[in-house]
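What follows is each chain in one-letter form.
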Amino acid sequence: MYQVIRMYGDFEPWWFLDGWEEHITSNKEYDSYEEALQDYKRQWVYLSEQFPMKKSRGGLMVAFWTPEDRYWCDECDEYLQHYHSLILIEAKENLPAGLQRKAKGRRPRFCKMKNKIS
């Protein structure tokens, strides 16, 4: 099974920070990679027409944004950018055991790490 996930949040999708699932705005599941890829490409074109900035990583993860869409974070003491993100992933249980990532524990938000250092 494959999933095409759209998110809206203040981090790029490849960080998978704690609570990233809370930022999902849509999640579509597909049995075939071809169907999922077709939907991913369709949504990619739509987002690229709406937002002038983009950055991708890992082939099927991309974040789109406009520089004006940001907010002040008191905890971070800086402005944070909002991103419209799109990812295509395969369900973990479909991957061969050798390709499944081991859980590395929690990934805290950067400003929480920054505050511990200060």
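Residues numbered from 1 in each chain as written. Predicted model: local features only at pLDDT ≥ 70, side-chain atom pairs only at ≥ 80, totals over all residues. Heavy atoms only, no water.

1. Let's talk about the overall build of the protein chain
Okay, step 1: Across its full length, the protein chain carries 2 helices and 7 strands.
Okay, step 2: The order of helices and strands in the protein chain, counted from the N terminus, is β-β-α-β-β-β-β-β-α.
Okay, step 3: When the 118 residues of the protein chain are sorted by exposure, 35% land in the buried category.
Okay, step 4: Partitioning the contacts of the protein chain with sequence separation of at least 6, the portion at a separation of at least 24 is 57%.
Okay, step 5: In the form shown here, the protein chain has an accessible surface area of approximately 8000 Å², with 51% of it arising from carbon and sulfur atoms. (Helix = DSSP H or I, 4+ residues; strand = E, 2+ residues; numbered from the N terminus. Buried < 20%, exposed > 50% of the residue type's maximum accessible area, 1.4 Å probe, protein only. Contact = heavy atoms within 4.5 Å. Areas by Shrake-Rupley, 256 points an atom, 1.4 Å probe, with all protein chains shown as cover.)

2. Here we look at the environment of Trp15
Okay, step 1: Inspection of the secondary structure assignment puts Trp15 in the loop between strand S1 (2-9) and strand S2 (24-30).
Okay, step 2: A polar contact of 3.2 Å, which involves the side chain of Trp15, links it to the side chain of Glu12. (Polar contact = N/O pair within 3.5 Å; in protein donor to acceptor, adjacent residues only side chain to side chain.)

3. Side note on the side chain of His82
Okay, step 1: By the secondary structure assignment, His82 is in the loop between strand S6 (78-81) and strand S7 (83-90).
Okay, step 2: Residue classification places His82 among the buried residues on the basis of a relative accessible area of 17%.
Okay, step 3: At 3.2 Å, the side chain of His82 forms a polar contact with the side chain of Tyr8.
Okay, step 4: Not counting residues up to four positions away in its chain, the partners in contact with His82 are Tyr8, Gly9, Asp10, Phe64, Trp65, Asp69, Arg70 and Tyr71.

4. Concerning the sheet that holds strand S4 (residues 61-65)
Each strand in a sheet pairs with its neighbour through backbone hydrogen bonds, running either in the same direction (parallel) or in the opposite one (antiparallel).
Okay, step 1: What the 5 strands build is an open sheet, ordered S2-S1-S7-S4-S3; its pairing is antiparallel. Strand pairing shows two members of the sheet lacking a second neighbour, S2 and strand S3 (53-57), which therefore form its edges. The sheet shows a mean angle of 15 degrees between the axes of neighbouring strands, direction not considered.
Okay, step 2: Across 8 bridges, the pairing between S1 and S7 is antiparallel. Bridging from a neighbouring strand, Gly9 pairs with Tyr83 of S7. (Pairing = 2+ DSSP bridges. Axes fitted to C-alpha atoms, helices over the stretch in contact; angles between N-to-C directions.)

5. With respect to the environment of Lys54
Okay, step 1: For Lys54, the location among the structural elements is in strand S3.
Okay, step 2: Residue classification places Lys54 among the partly exposed positions, given a relative accessible area of 48%.
Okay, step 3: Residues contacting Lys54, with those up to four places away along its chain left out, are Trp44, Val62, Ala63, Phe64 and Trp65.

6. Points about a negative patch on the surface
Okay, step 1: Together, Glu29, Asp31, Glu34 and Glu35 make up a region of like negative charge exposed at the surface.
Okay, step 2: Turning to its location among the elements, Asp31 is positioned in the loop between S2 and helix H1 (33-50).
Okay, step 3: Asp31 sits in the exposed class, given a relative accessible area of 71%. (Patch = residues over 30% accessible without salt bridge, like charges linked within 9 Å, V, L, I, M, F, W, Y side chains within 5 Å. Salt bridge = Lys/Arg side-chain N within 4 Å of Asp/Glu carboxyl O. Lys, Arg positive; Asp, Glu negative; His and termini not counted. Charge placed at Lys NZ, Arg CZ, Asp CG, Glu CD.)

7. Side note on the pattern of salt bridges
Okay, step 1: In total, this model carries 1 salt bridge according to the counting rule given.
Okay, step 2: Asp39 serves as the salt-bridge partner of Arg42, at 2.5 Å between the closest nitrogen and oxygen. Of this pair, Arg42 and Asp39 both sit in helix H1, 3 residues apart, roughly one helical turn.

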